[in-house]
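Below are the chains, spelled out letter by letter.
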Amino acid sequence: MNLDRLKLLYKDIILEQANNPQNTGRIRNPTNETNVYNPSCGDKLHFTCTLDKNKKITAIAFEGEGCSISQASASMMTQVVKGKSTKQAIELSKIFSDMAMGKKHSQEDLEKLGDAQVLINIMQFPARIKCATLSWWALDRMLLGEKRDKKND
Amino acid sequence: MNKINNIRDEFPILNRKINNEPLVYLDNAATSQIPISVQNVMREFEQTARSNVHRSVDTLGNIATAKYEESRNLVKELINAPSQNDIIFTSGATESLNMIAFTLGNKIIEKGDEIVITIMEHHSNIIPWQQLARKKQASLKYIELCDNGELDLADARTKITDKTKIVAVTHASNVLGVINPVGEISQIAHQHDAIMVVDGAQAVGHFPVDVQKLDADFYAFSGHKIFGPTGTGILYGKQKLLKKMPPYRFGGEMIAHVTRANATWAQIPQKFEAGTPNYTGVIGLGAAIEFLNQIGIKNIQVKEKELVKYVLPKIENIPGITVYGPKEWAKHTGVISINLAGIHPHDVATAFDELGVEVRAGHHCAEPLMTDLGITATVRASFDFYNTKADADALINAIKQTEDFFNEFR
């Protein structure tokens with residue numbers, strides 16, 4: 001009995017990101033912010049970001065508690081969407097959520113996710129998909145408002 | 001005890017594999033497994049005698065009613081209730097507790113009254129009282145814990161006052177694995193003329209429960225945690241209180257007479273069992289109690305104690321482990337909540353799952369307790385009598401491997 005298969009999910013980069021997450025804290029005077037909560041495990045994350053007049057994400061940060069997957073995912077999500085337009089960020093969110101659900105995407109699309117694409121194996125751990133998608137759901141909520149919630153349920 | 005050793009054959013699920021590893025089932029506090037004998041009783045009833053209860057003069061209806069009522073008698077004996085008319089069948093402990101809050105609770109609680117619960121309650125024994133208190137502008141007070149993870153009885157004496165109308169306490173914690181002195185709390189409650197409600201979901205089936213000795217006014221528990229089917233639960237209540245208690249739901253079987261303008265109620269307990277009950281489930285629950293009786297609750301208690309005595313000191317000796325609740329094995333039920341330093345409980349549970357070890361990670365429906373402990377979640381291993389020392393060793397091994405796996409990256 002060993003934990004070899006676990007390395008599919010907990011790749012080095014995920015554990016490194018989880019142990020040393022990027023873009024933590026709060027943006028001062030954010031234009032957008034949201035709280036997300038995973039009631040099944042108690043993970044709570046708070047996201048803030050600043051959009052400029054062209055709707056570009058100029059700054060983004062998160063704070064809160066969570067497992068390695070949710071911390072790494074939040075860290076990687078914030079890194080990849082920083083500097084992107086709202087539209088591009090939402091597109092990335094869609095690619096990520098499709099990937100997590102095991103839907104096919106072109107390699108080109110997956111590349112757009114940057115480091116976050118290492119979570120592709122999350123679909124082999126169905127109980128943990130929510131941990132990975134929580135911060136992307138937060139991104140949708142933060143950029144589009146809470147109306148989008150239903151779509152994510 | 002030989003019966004116990006061969007008993008795993010009654011639970012075929014224990015032979016399955018999880019992620020190519022033998023299943024080590026340590027989530028018994030959430031739901032216990034169901035023996036073949038119980039499944040057979042339900043299947044046989046469905047195949048040979050399925051019929052609605054209490055509403056027919058035909059042979060099948062009579063068989064179904066007799067079996068259903070036999071289960072009531074078995075429950076009565078299991079918890080030593082004075083009469084089988086004190087036993088109400090519900091869908092589970094949650095419904096049992098809601099029933100008291102929204103019928104008798106709703107009737108007796110007034111503005112300014114107090115409801116006293118403990119900080120270690122499951123949400124099902126918090127939220128019904130919280131909602132009732134909010135609706136009635138009553139106050140909800142919590143009995144706190146001592147530093148050793150046990151309930152603070154001195155605090156109970158302070159919190160329960162003449163304004164207290166209801167005291168609701170869990171018999172055994174689903175997180176801390178501690179057994180509460182509900183008999184003593186009953187006495188305190190009764191000195192102030194308060195009603196004593198006990199949540200026995202983690203107690204029944206693990207050690208002998210005697211509602212008369214505890215002097216509990218109400219006692220709630222679930223069938224699926226005592227080797228019975230899901231969707232079955234019990235509410236025991238003292239007859240004098242059940243007589244004061246208004247019906248919970250209205251419909252078939254709970255009436256005496258109905259006219260265009262009014263209705264009168266059936267006898268207790270039918271008054272509280274509106275609609276077609278989960279009769280096959282209740283008959284299965286009866287079979288589960290017979291199964292418990294065959295093994296003997298005291299034997300189960302001894303076996304669980306042996307397992308805890310074996311595993312708890314081993315867990316406590318692993319570096320980086322926090323154990324919640326009492327540190328002494330003798331004070332512990334089979335429920336053991338832990339955290340591994342720096343590793344989130346969900347990561348731990350995923351690693352355990354890879355090794356076939358099924359535990360629960362999360363807040364265990366006890367968020368106020370988690371908040372007080374300064375954590376968001378724990379990993380909970382819960383043993384039952386069909387677990388083995390090999391299961392305990394598998395848990396210890398899983399903890400060590402998980403620590404090694406995650407600590408490599410620090």
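Keep in mind it's a predicted model, so treat the numbers as computed, not measured.

K.L.:
Looking at this model, I keep getting lost on the packing of aromatic side chains. Mind explaining?
P.N.:
How two aromatic rings sit relative to each other is given by the distance of their centres and the angle of their planes. Residue and element names in this part refer to chain B. Taken as a whole, this structure holds 17 aromatic pairs over all chains when the rule is applied. An angle of 65 degrees between the planes, with centres 5.8 Å apart, marks the rings of Phe227 and Phe291 as edge-to-face. Within this pair, whereas Phe227 is found in the loop between β9 (218–222) and β10 (233–237), its partner Phe291 is found in helix α10 (residues 279–295), the two being separated by 64 residues in sequence. In terms of burial, Phe227 and Phe291 fall into one category: buried. An angle of 50 degrees between the planes, with centres 5.5 Å apart, marks the rings of Phe385 and Tyr386 as tilted. In this structure Phe385 comes out as buried when scored by relative accessible area, which is 0%. Site record: aromatic cluster; members linked through ring pairs are Phe11, Phe227, Phe291, Phe385 and Tyr386.

K.L.:
Whenever I open this one, the packing of helix α2 (residues 12–19) of chain A against helix α3 (residues 68–81) of chain A confuses me. Can you help?
P.N.:
Helices that pack against each other are described as a pair by the angle of their axes relative to one another and the distance between those axes. All names here are of chain A. Where α2 contacts α3, the axes come no closer than 8 Å and their chain directions differ by 85 degrees. Put simply, α2 runs roughly perpendicular to α3. Facing Ile14, Leu15, Gln17 and Ala18 of α2, the residues of α3 in contact are Ser68, Ile69, Gln71, Ala72, Ser75, Met76 and Gln79. Classifying every residue of the contact of α2 with α3 gives six nonpolar, five polar and no charged.

K.L.:
Please clarify how the domain arrangement of chain B should be interpreted in this entry.
P.N.:
Frequently, the measure chosen for interface size is the accessible area removed from exposure when the parts meet. Residue and element names in this part refer to chain B. The assigned domain composition of chain B is domain 1 (2–30 + 296–407) and domain 2 (40–293). Its C-alpha centre places domain 1 at a distance of 28 Å from the equivalent point of domain 2. At the interface, 33 residues of domain 1 touch 31 residues of domain 2. Here domain 1 and domain 2 share an interface that buries about 2,600 Å² over both sides, 61% of which is from carbon and sulfur atoms. When the buried area of domain 1 at its contact with domain 2 is split by residue, Ile297, Cys365 and Leu369 rank highest and sum to 22% of it. At the boundary of domain 1 and domain 2, one finds one salt bridge. Put simply, Lys331 and Glu150 hold a salt bridge, and the shortest N to O gap is 2.8 Å. Remark: the boundary between domain 1 and domain 2 carries 14 residue pairs in polar contact (both at pLDDT 80 or more). Taken together, the elements giving at least two residues each to the side of domain 1 that touches domain 2 come down to α11 (297–316), β14 (335–340) and α13 (367–373). Residue contributions to the side of domain 1 that touches domain 2 peak at six residues, all from α13.

K.L.:
Would you take a moment to explain the environment of A:Thr86 for this structure?
P.N.:
Residue and element names in this part refer to chain A. With respect to the helices and strands, Thr86 occurs in helix α4 (residues 86–100). The sequence separation of Thr86 and Asp4 amounts to 82 residues, and the corresponding C-alpha distance is 39 Å. Excluding residues that lie within four positions of it along the chain, Thr86 makes contacts with Leu51, Lys55 and Leu143.

K.L.:
Sorry if this is basic, but what is going on with a positive patch on the surface here?
P.N.:
All names here are of chain B. Residues Lys309, Lys314, Lys389 and Lys400 make up a contiguous surface patch of positive charge. Secondary structure elements with two or more residues in the positive patch: α11 and α14 (389–407). Examined against the element boundaries, Lys314 turns out to sit in helix α11.

K.L.:
What is the right way to look at the interface of chain A and chain B in this model?
P.N.:
Contact with chain A, which involves 26 residues of that partner, is made by 23 residues of chain B. Carbon and sulfur atoms supply 57% of the area that chain A and chain B bury against each other, a total of about 2,100 Å² over both sides. Seen at the junction of chain A and chain B, the total is two salt bridges. Residue B:Glu354 is joined to A:Arg5 by a salt bridge in which the shortest nitrogen-to-oxygen separation is 2.7 Å. There are eight residue pairs in polar contact (both at pLDDT 80 or more) connecting chain A and chain B. For the side of chain A that touches chain B, the secondary structure elements donating two or more residues are α1 (6–9), α2, β2 (43–51) and α3 of chain A. Of the residues assigned to the side of chain A that touches chain B, the class counts are 13 nonpolar, six polar and seven charged.

K.L.:
So what exactly am I meant to see when it comes to the sheet that holds strand β3 (residues 57–65) of chain A here?
P.N.:
The strands that make up a sheet pair up through hydrogen bonds in the backbone, lying either parallel or antiparallel. Residues and elements named next belong to chain A. With antiparallel pairing, the three strands of this open sheet are ordered in space as β1-β2-β3. One side of each edge strand has no neighbouring strand; the edge strands of this open sheet are β1 (32–38) and β3. Strand after strand, the sheet turns through a mean of 15 degrees between neighbouring axes, direction not considered. In terms of strand pairing, β1 meets β2 through seven bridges, oriented antiparallel. Opposite Asn35, over in β2, you have His46 as the bridge partner. On top of the sheet, helix α6 (residues 129–144) reaches β1, β2 and β3; it is set at about 150 degrees to β1, its chief contact.

Parameters and conventions
- Residues numbered from 1 in each chain as written.
- Chains lettered and ligands numbered in written order.
- Predicted model: local features only at pLDDT ≥ 70, side-chain atom pairs only at ≥ 80, totals over all residues.
- Heavy atoms only, no water.
- Phe/Tyr/Trp six-rings, centres within 6.5 Å; stacked < 30°, edge-to-face > 60°.
- Helix = DSSP H or I, 4+ residues; strand = E, 2+ residues; numbered from the N terminus.
- Buried < 20%, exposed > 50% of the residue type's maximum accessible area, 1.4 Å probe, protein only.
- Axes fitted to C-alpha atoms, helices over the stretch in contact; angles between N-to-C directions.
- Parallel < 35°, antiparallel > 145°, perpendicular 65-115°, else oblique.
- Contact = heavy atoms within 4.5 Å.
- Nonpolar A, V, L, I, M, F, W, Y, C, P; charged D, E, K, R; others polar.
- Domains from an automatic or database assignment.
- Buried area = accessible area lost by both parts, 1.4 Å probe.
- Salt bridge = Lys/Arg side-chain N within 4 Å of Asp/Glu carboxyl O.
- Polar contact = N/O pair within 3.5 Å; in protein donor to acceptor, adjacent residues only side chain to side chain.
- Patch = residues over 30% accessible without salt bridge, like charges linked within 9 Å, V, L, I, M, F, W, Y side chains within 5 Å.
- Areas by Shrake-Rupley, 256 points an atom, 1.4 Å probe, with all protein chains shown as cover.
- Lys, Arg positive; Asp, Glu negative; His and termini not counted.
- Charge placed at Lys NZ, Arg CZ, Asp CG, Glu CD.
- Pairing = 2+ DSSP bridges.

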